Amino acid sequence: MIQTDIRKLVLYGLKTGLIEEADAIFTTNRLLELFGLDELEDSAEEITMEIEELEEVLSRLLDYASEKGLLAGDSVVARDLFDTKIMSLLMPRPSEVINRFNELYRESPVKATDYYYKLSCDSDYIRRYRICKDVKWTAETKYGTLDITINLSKPEKDPKAIAAAKNAKQSGYPKCLLCKENEGYAGRINHPARQNHRIIPVTIADSDWGFQYSPYVYYNEHCIVFNGQHVPMKVERSTFCKLFDFVKQFPHYFVGSNADLPIVGGSILSHDHFQGGHYEFAMARAGYDRKFTVKGYEDVEAGIVNWPMSVIRLRSKDTERLIDLADRILGKWRAYTDEEAFIFAETDGEPHNTITPIARKKGDVYELDLVLRNNITTEEHPLGVYHPHAKLHHIKKENIGLIEVMGLAVLPGRLQAEMANLAKAILTGEDIRKDEVLAKHADWVDEFKPKYEKIDVSNIHEILKKEIGIVFMEVLEDAGVYKRTTEGQKAFDRFTQTI
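So, a few notes on the structure that sits alongside this text. Because the structure is predicted, anything quoted here is derived from the model rather than measured.

Re the pairing of strand β3 (residues 200-204)
Judged by which residues are buried, β3 turns out to be one-sided: Ile-200, Val-202 and Ile-204 face inward and are buried, whereas Pro-201 and Thr-203, on the alternate face, are not. Where β3 hands over to strand β4 (residues 207-213), the hairpin turn is made up of two residues, of which Ala-205 adopts a positive phi near 50 degrees.

Considerations on the pattern of salt bridges
Following the criterion strictly, the structure yields 45 salt bridges and no others. The partner of Asp-74 in a salt bridge is Arg-79, and the shortest N-O contact between them spans 3.2 Å. Judged by its relative accessible area of 47%, Asp-74 is partly exposed. Note that Arg-433 is salt-bridged to Asp-446, the shortest N-O span being 2.7 Å. Of the two residues, Arg-433 is situated in the loop between α13 (414-428) and α14 (442-448) and Asp-446 in helix α14; the sequence distance between them amounts to 13 residues. Among the residues examined, Asp-446 registers a relative accessible area of 47% and is labelled partly exposed. In this structure, a network of salt bridges that share partners links the residues Lys-291, Glu-301, Arg-313, Arg-315, Arg-360, Glu-367 and Asp-369.

Side note on the pairing of strand β1 (residues 135-141)
Strand direction decides the pairing type here: β1 and strand β2 (residues 144-150), joined by seven bridges, are antiparallel. Looking at β2, one finds that Glu-140 is bridged to Thr-145. Counting the residues between successive antiparallel strands, the hairpin from β1 to β2 contains two residues.

A word on the packing of aromatic side chains
In the structure shown here, the tally under the stated rule is 33 aromatic pairs. An angle of 85 degrees between the planes, with centres 6.0 Å apart, marks the rings of Phe-101 and Tyr-116 as edge-to-face. Residue Phe-101 is located in helix α5 (residues 94-105), and its partner Tyr-116 is located in helix α6 (residues 109-122); the two are separated by 15 residues in the primary sequence. Taking relative accessible area as the criterion, Tyr-116 reaches 1% and is therefore assigned buried.

With respect to the sheet that holds strand β6 (residues 254-256)
In sheet architecture, strand pairing relies on hydrogen bonds along the backbone and comes in two forms, parallel and antiparallel. Across the sheet, which stays open at both edges, the ten strands sit in the order β3-β4-β5-β7-β6-β13-β14-β10-β9-β8 with antiparallel pairing between neighbours. Unpaired on one side and paired on the other, β3 and β8 (288-292) mark the two borders of the sheet. The average undirected angle you get between the axes of adjacent strands in this sheet is 25 degrees. In terms of strand pairing, β6 meets strand β7 (residues 273-277) through three bridges, oriented antiparallel. For Phe-254, the partnering residue across the bridge sits in β7 and is Gly-277. Strand contacts of α6: β3 and β4, with the helix running at about 60 degrees to β4, the strand carrying the most contacts. Relative to strand β14 (residues 365-374), helix α11 (residues 319-334) is tilted by about 10 degrees, and along the sheet it contacts β10 (311-316), β13 (353-362) and β14.

A few points about the environment of Ala-423
Within the fold, Ala-423 resides in helix α13. Judged by relative accessible area, Ala-423 falls into the buried class, the value being 2%. Separated by 215 residues in the primary sequence, Ala-423 and Asp-208 have C-alpha atoms spaced 51 Å apart. Sequence-distant contacts of Ala-423, defined by excluding residues within four places in its chain, comprise Ile-460, His-461 and Leu-464.

Quick notes on a negative patch on the surface
Residues Asp-38, Glu-39, Glu-41 and Asp-42 make up a contiguous surface patch of negative charge. As for its placement among the helices and strands, Asp-38 is situated in the loop between α2 (24-34) and α3 (54-67).

Quick notes on unusual backbone geometry
Omega for the peptide link from Tyr-173 to Pro-174 comes to -20 degrees, which places this bond in the cis form. With respect to the helices, strands and loops of the structure, Pro-174 is situated in the loop between α8 (159-167) and β3. Backbone geometry places Asp-124, a non-glycine residue, at a positive phi of 75 degrees.

Some words on the packing of α5 against α6
Running from N to C, α5 and α6 point in directions that differ by 150 degrees, and their axes come no closer than 6 Å. Taken together, the axes of α5 and α6 are roughly antiparallel relative to one another. Residues Val-97, Arg-100, Phe-101, Leu-104 and Tyr-105 of α5 form the contact with α6, whose own contacting residues are Pro-109, Lys-111, Ala-112, Thr-113, Tyr-115, Tyr-116 and Leu-119. Grouping the constituent residues of the contact of α5 with α6 by class yields nine nonpolar, one polar and two charged.

Focus on the packing of α13 against helix α15 (residues 460-479)
With their axes 10 Å apart at the nearest point, α13 and α15 run at an angle of 120 degrees to one another. Here α13 is positioned oblique relative to α15, judged by the angle of their axes. Taken as a pair, α13 and α15 cross one another with a handedness that is right-handed. Judged by residue contacts, Met-419, Leu-422, Ala-423, Ile-426 and Leu-427 of α13 engage Ile-460, His-461, Leu-464 and Ile-468 from α15. The residue inventory of the contact of α13 with α15, partitioned by class, reads eight nonpolar, one polar and no charged.

Section: the sheet that holds β2
In space, the three strands of this open sheet follow the order β1-β2-β15, with mixed pairing throughout. Only two strands of the sheet have a single partner each, and these edge strands are β1 and β15 (408-411). Direction aside, the axes of adjacent strands within the sheet are offset by 20 degrees on average. In the packing of α15 onto the sheet, the strands contacted are β1, β2 and β15, and the crossing angle to β2 comes to about 105 degrees.

As for the nonpolar core
Phe-35, Ile-86, Phe-211, Leu-314 and Tyr-482 are the most contacted members of the largest nonpolar core, which totals 94 residues. Excluding residues that lie within four positions of it along the chain, Phe-35 makes contacts with Ile-2, Ile-6, Leu-61, Tyr-64, Ala-65, Leu-70, Phe-82 and Ile-86. Core analysis: the next-biggest nonpolar cluster, separate from the first, contains 53 residues, Ala-139, Ile-358, Val-471 and Leu-476 among them.

Calculation rules
- Residues numbered from 1 in each chain as written.
- Predicted model: local features only at pLDDT ≥ 70, side-chain atom pairs only at ≥ 80, totals over all residues.
- Heavy atoms only, no water.
- Buried < 20%, exposed > 50% of the residue type's maximum accessible area, 1.4 Å probe, protein only.
- Helix = DSSP H or I, 4+ residues; strand = E, 2+ residues; numbered from the N terminus.
- Pairing = 2+ DSSP bridges.
- Salt bridge = Lys/Arg side-chain N within 4 Å of Asp/Glu carboxyl O.
- Phe/Tyr/Trp six-rings, centres within 6.5 Å; stacked < 30°, edge-to-face > 60°.
- Axes fitted to C-alpha atoms, helices over the stretch in contact; angles between N-to-C directions.
- Contact = heavy atoms within 4.5 Å.
- Patch = residues over 30% accessible without salt bridge, like charges linked within 9 Å, V, L, I, M, F, W, Y side chains within 5 Å.
- Areas by Shrake-Rupley, 256 points an atom, 1.4 Å probe, with all protein chains shown as cover.
- Lys, Arg positive; Asp, Glu negative; His and termini not counted.
- Charge placed at Lys NZ, Arg CZ, Asp CG, Glu CD.
- Parallel < 35°, antiparallel > 145°, perpendicular 65-115°, else oblique.
- Nonpolar A, V, L, I, M, F, W, Y, C, P; charged D, E, K, R; others polar.
- Left-handed = near helix turned anticlockwise from the far one by under 90°.
- Core = buried A, V, L, I, M, F, W, Y, C linked by side-chain atoms within 4.5 Å.

Next up, the structure:
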């Protein structure tokens, strides 16, 4: 079967355009070498290969490699390291990818990103067969249609892999998962392989940056734009300049930055980067709750967005005017304290106020959303006052980063099994509080059950999805510094009057 699967993989490369006919023999020989084979046996069998077969072909090749002792163990991590090595033998060199991207970009940015996204999927850098396992649905709320995802595409590390990673030699190369040195890197037990990964260089604000796709694509063409240097995240005037620099080059993409403080920031604060993509989030669709005018900036449309978090939207055809006003708002917010609204610029010298900015182009008008953030903690809320409160941790406990801010919940994989078991428990009338895993959901179930006249096998799963959507809406409301109450919105107006 190994002979057939090598032939099938080469055929996959031809069908996807990863390799050309002239590369077929060369690629075959590289694969034979990888698997310790001396020859490709003659076969009269007609080989076919569908794109969707990649997962099973790679799985059989990995089984063979494991049997022959070519893997460093047979964990998910070891298999991922080796299948990336397999796919790397079908990949064009970085210079070829860059040249083709630039050639297509001269025709249109859309053609260039279409090519690059397809390459990132065909190369198995984006593992399509895992992404499709993510559970996705939408939830209707008073703020619009929110996107909900239970993330199953990041494989769980098994105990052996965790132990091996703990004992592995710590390395500073690459410095982090976003560094350009990841391109072509073979990986190790505690760092993913990136031999099938290619980076597109882009110039942002006269400096060298990289453009790539997220391997986990939480939404359509989920991309990452990262500084060529390993420097920490910082939201400042130049951040707004960089965001618009990217949007001008790729006007069909939005781009945003995580905040630059712990709790309200992203998972990687050590490397300056943005996230973007070809997708319209619920926040982008949300309209103004009310508008306001800033003296000296009457030409810039400004308003508070009808959204659970605290968002100021600026609109103009002139990005310089947007940048100037955004910088002014950032400076005012960094230093702003309103004790009545429990907003403190700093405590004991530790700064708390920052912004999550998102830029996009709609028609010939540029938009900049400024999401006000604050990371203060208290004894009552040790993980953050403007963070999901303890009552909601049974669904979402993690930080609310850029993606969630815009209206897409990335929920932990544990929820898939928990919701299936919870549905059974509700239908059979079991005491949920006696179940060690499900007990954390008991108060929530008691809260929503009275809302429904009938809960049975025909609607239980839809009810759970709907209620998870409501929880995510409440998560975003918790993360908003100004609550959607009369008092909260009056406090928001007090701030906008200081701009």
